Amino acid sequence: QVQLAESGGGSVQAGGSLRLSCVASGYSYSTYCMGWFRQAPGKEREGVAGIYTPAGRTEYADSVKGRFTISQDNAKRTLYLQMNSLKPEDTAMYYCAAHWLAGRSCAPESRDYNYWGQGTQVTVSS
């Protein structure tokens, strides 16, 4: 079965950096899209970044553009999110997601992601 395992979360002061990792396993055919999402308590889940796995094409939410970078190591089946210039508003549980739906969107706003990790907490203090 597909498993996505996030790591790298923690507590950091505003302006700091974190790098999240997501190791994917339990499948034979490459993902079509992978992405990062976040959810703060009492708020809706928000797409952060997405990547088209075969070519590495990336998309970002406006709120993180220029600060966050999504990347992948396909050989290691690992997804990364480099988070720089962190703000208190970035505080949330961060989730890794994937889908295998050819032709469907990889964008952060996509509703097509259907496999999810358990999340890793990111807390940014002022």
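Higher on the page you've got the structure.
Residues numbered from 1 in each chain as written. Predicted model: local features only at pLDDT ≥ 70, side-chain atom pairs only at ≥ 80, totals over all residues. Heavy atoms only, no water.

Undergrad: Which residues make up the side chain of Arg38, and what values go with them?
TA: Inspection of the secondary structure assignment puts Arg38 in strand S4 (residues 33-39). On the basis of relative accessible area, Arg38 is assigned to the buried category, the value being 6%. Looking at Arg38, its side chain comes within polar contact range of the side chain of Asp90, at 2.9 Å. Once you skip the residues sitting within four places of it in the chain, Arg38 turns out to touch Glu44, Arg45, Glu46, Val48, Ser63, Val64, Phe68, Glu89, Asp90, Ala92, Met93 and Tyr94. (Helix = DSSP H or I, 4+ residues; strand = E, 2+ residues; numbered from the N terminus. Buried < 20%, exposed > 50% of the residue type's maximum accessible area, 1.4 Å probe, protein only. Polar contact = N/O pair within 3.5 Å; in protein donor to acceptor, adjacent residues only side chain to side chain. Contact = heavy atoms within 4.5 Å.)

Undergrad: Summarise the side chain of Arg67; cite the residues concerned and give the values.
TA: Examined against the element boundaries, Arg67 turns out to sit in the loop between strand S6 (57-60) and strand S7 (68-73). A distance of 2.9 Å separates a polar side-chain atom of Arg67 from the backbone oxygen of Ser63. For Arg67, the residues in contact, after removing those within four places along its chain, are Gln82, Met83, Asn84, Ser85, Leu86, Lys87 and Asp90.

Undergrad: Outline unusual backbone geometry, listing residues and values.
TA: Non-glycine residue Arg77 carries a positive phi angle of around 50 degrees. Within the fold, Arg77 resides in the loop between S7 and strand S8 (78-83). For Ser85, which is not glycine, the phi torsion reads 50 degrees and is therefore positive. Relative to the assigned elements, Ser85 resides in the loop between S8 and strand S9 (92-99). Looking at Ser85, the relative accessible area reads 41%, which means it is partly exposed.

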